[in-house]
Amino acid sequence: MESKRRTLGNITFLERVSSAPLEQMRRKLVISVLLLGAVASLVALYLQVVIDATNPVDLFFLPLMFILFLAMGVALLFRSDKLALVENVAYAMLVLYGLAMLVYQVRYTLPTIHTFSETMFWFPMLYLVAYLLHRRAMAFRIATGIWIGTVVLGLLFTPFGLLWQNRDASALNALFQFYVSGAVYAMLLFAFSRIEESYAENRMLAYLDHLTQLPNRRYGEAVLVHLFHQVRQYGGAFSVIMLDLDRFKKINDRHGHDVGDRVLKRCALLIQRYLPRGARVIRWGGEEFLIILPEHDEAASLTIAEEVRQGLASSPHEGVGRVCASLGVAAYRPGDTLDELVLRGNRAVGYSSLQTAV
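These figures come from a predicted structure and were not determined experimentally.

**Looking at a nonpolar patch on the surface**
On the surface, Phe176, Val180, Val184, Met187, Leu188, Phe192 and Ile195 cluster together to form a nonpolar patch covering roughly 680 Å² of accessible area. As for its position among the elements, phenylalanine 192 is in helix α8 (residues 169-206).

**Quick look at the nonpolar core**
Of all hydrophobic cores here, the largest spans 45 residues; its most connected members are Leu34, Phe69, Phe116 and Phe123. Of all the secondary structure elements, the ones that give two or more residues to this core are α2 (23-50), α3 (56-78), α4 (83-113), α5 (125-133), α6 (136-157) and α8. Ranked by the residues each element gives to this core, the list is headed by α4, at 13 residues. Setting aside anything within four residues of it in sequence, one finds phenylalanine 69 in contact with Leu34, Gly37, Ala38, Ala90, Met93 and Leu94. Ile251, Leu270, Ile271 and Ala305 belong to the second largest nonpolar core, which has 27 residues in total.

**Quick look at the pattern of salt bridges**
Note on pairing: side chains with opposite charge can pair once their charged atoms come close. Across all of its chains, the model carries five salt bridges by this definition. Residue arginine 217 pairs with glutamate 221 through a salt bridge whose shortest N-O separation is 3.5 Å. With arginine 217 and glutamate 221 both in helix α9 (residues 217-234) and four residues apart, this pair spans about one turn of that helix. Of the residues examined, glutamate 221 reaches a relative accessible area of 31% and is grouped as partly exposed. Aspartate 336 is the partner of arginine 344 in a salt bridge, and the nearest nitrogen-oxygen pair spans 2.9 Å. Both residues of the pair, arginine 344 and aspartate 336, count as buried.

**Some thoughts on the packing of α9 against helix α13 (residues 338-348)**
Between α9 and α13, whose axes approach to 10 Å, the crossing angle comes to 115°. If you check the angle between α9 and α13, you find them roughly perpendicular. As for how α9 packs across α13, the hand of that crossing is right-handed. Seen from α9, the contacting residues are Glu221, Leu224, Val225 and Phe228; seen from α13, they are Leu338, Leu341 and Val342. Class assignment for the residues of the contact of α9 with α13 results in six nonpolar, no polar and one charged.

**Comments concerning the confidence of the model for the protein chain**
Confidence along the protein chain averages 86 in pLDDT terms, with 89% of residues attaining 70 or more. Taken together, the stretch residues 1-9 has pLDDT below 50 and engages in 24 contacts with residues farther than four places along the chain or on a different chain. Note on residues 13-21: pLDDT is under 50 here. Beyond four places in sequence and across chains, it has 24 contacts.

**Describing the packing of aromatic side chains**
Evaluated as defined, the whole model comprises 12 aromatic pairs. On the numbers, 4.7 Å between centres and 55° between planes, the contact of phenylalanine 140 with phenylalanine 190 is tilted. Highlighted residues: phenylalanine 140 in helix α6 and phenylalanine 190 in helix α8, separated in sequence by 50 residues. Looking at phenylalanine 140, the relative accessible area reads 31%, which means it is partly exposed. With relative accessibility at 26%, the residue phenylalanine 190 sits in the partly exposed group.

**Describing the layout of surface pockets**
The space that makes up the second largest pocket amounts to roughly 1,500 Å³. Considering the residues around the second largest pocket, the lining is formed by 45 residues, among which Gly37, Phe69, Leu94, Trp122 and Met125 are closest to the centre. Those elements giving two or more residues to the lining of the second largest pocket turn out to be α1 (13-19), α2, α3, α4 and α5. If you tally residues by element for the lining of the second largest pocket, the top one is α2, at 14 residues. Class assignment of the residues belonging to the lining of the second largest pocket gives a composition of 32 nonpolar, nine polar and four charged.

**Considerations on the pairing of strand β1 (residues 238-245)**
By the criterion of burial, β1 is predominantly enclosed, with seven of the eight residues buried. Here β1 pairs with strand β3 (residues 288-294) via seven bridges, running antiparallel. Of the residues in β3, the one forming a bridge with leucine 243 is phenylalanine 289. Here β1 runs beside strand β4 (residues 325-331); their pairing, made up of seven bridges, is antiparallel. What sits directly across from valine 240, in β4, is alanine 330.

Rules used throughout
- Residues numbered from 1 in each chain as written.
- Predicted model: local features only at pLDDT ≥ 70, side-chain atom pairs only at ≥ 80, totals over all residues.
- Heavy atoms only, no water.
- Patch = residues over 30% accessible without salt bridge, like charges linked within 9 Å, V, L, I, M, F, W, Y side chains within 5 Å.
- Areas by Shrake-Rupley, 256 points an atom, 1.4 Å probe, with all protein chains shown as cover.
- Salt bridge = Lys/Arg side-chain N within 4 Å of Asp/Glu carboxyl O.
- Helix = DSSP H or I, 4+ residues; strand = E, 2+ residues; numbered from the N terminus.
- Core = buried A, V, L, I, M, F, W, Y, C linked by side-chain atoms within 4.5 Å.
- Buried < 20%, exposed > 50% of the residue type's maximum accessible area, 1.4 Å probe, protein only.
- Contact = heavy atoms within 4.5 Å.
- Axes fitted to C-alpha atoms, helices over the stretch in contact; angles between N-to-C directions.
- Parallel < 35°, antiparallel > 145°, perpendicular 65-115°, else oblique.
- Left-handed = near helix turned anticlockwise from the far one by under 90°.
- Nonpolar A, V, L, I, M, F, W, Y, C, P; charged D, E, K, R; others polar.
- pLDDT = per-residue confidence, 0-100.
- Phe/Tyr/Trp six-rings, centres within 6.5 Å; stacked < 30°, edge-to-face > 60°.
- 1 Å grid on protein atoms, 1.4 Å probe; cavity = no way out; pocket = protein on both sides within 12 Å on 5 of 7 lines; lining within 4 Å.
- Points joined across faces, edges and corners; volume = space filled by probe spheres on them.
- Pairing = 2+ DSSP bridges.

See below:
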């Protein structure tokens, strides 16, 4: 968890999805889409060859997309850290294919059948995917750039003289509708992204502790419910660390609540400094924090808890001095409920010490 938080305007939709414990689901979805795209490319190429309806754009791009999508889908099975790179490479390939197909359609298909073929029905998806992969401002620039690219390519390659000479109103109307609908898609997606962002921000505030800027207990319980479901269905392990700041009431009584609040905020930052990737620290209530460690057994969690305890003890606070913490570790056991797990963590908390649940 980052100590400096980004605003929702600087986070993509998929990053917000991934900030919930759904990163694994996102990777599986991308792999499925890539493999489906590879199969679709191969089938489309085969059918075009069979009915002798190939065109130079498909002959170039379809084999390339089959190889690329298949390779990236397989690669993601072993290198989940390359997820963002794979998404952007696949998207760039689709944009190039869409623009190349547009050139072919306006140059050859439009004057012949007086409209676009079914391939261009998928073109608006390029605008949508931009908002899935990029931040709102960047997505809007990408979508606008793609639309401007279609206009420029249309002006360069559409045989307007031939269409006007033949009084081909159907072809001109199809071209006009394509450009107007593209602009409308891009603007509507921008508007919907603003609405979604506003909703997500309000929802986030309901799960945020305003003092420490950490997720609150409600969020922590939602994460734990998900982890319970995940380990029961797929197996695995996770643990929690209950952390209680020692003698915190004396800090408030002696120095005032403003100083106590400052100590709490600094402790929240210090705790995050010693946590591994994927861990979450929750403001559980008062001077209590709950650390959630997915895919960590009891032994690994004890090591992390000791690092956190030593880190807090070795970082004195201005005007207050050292603030120690007591920690208790509880690992998931088959049959556990959320309350039982947290209760074991609470019972394991030892004064100025580190213990594990029994």
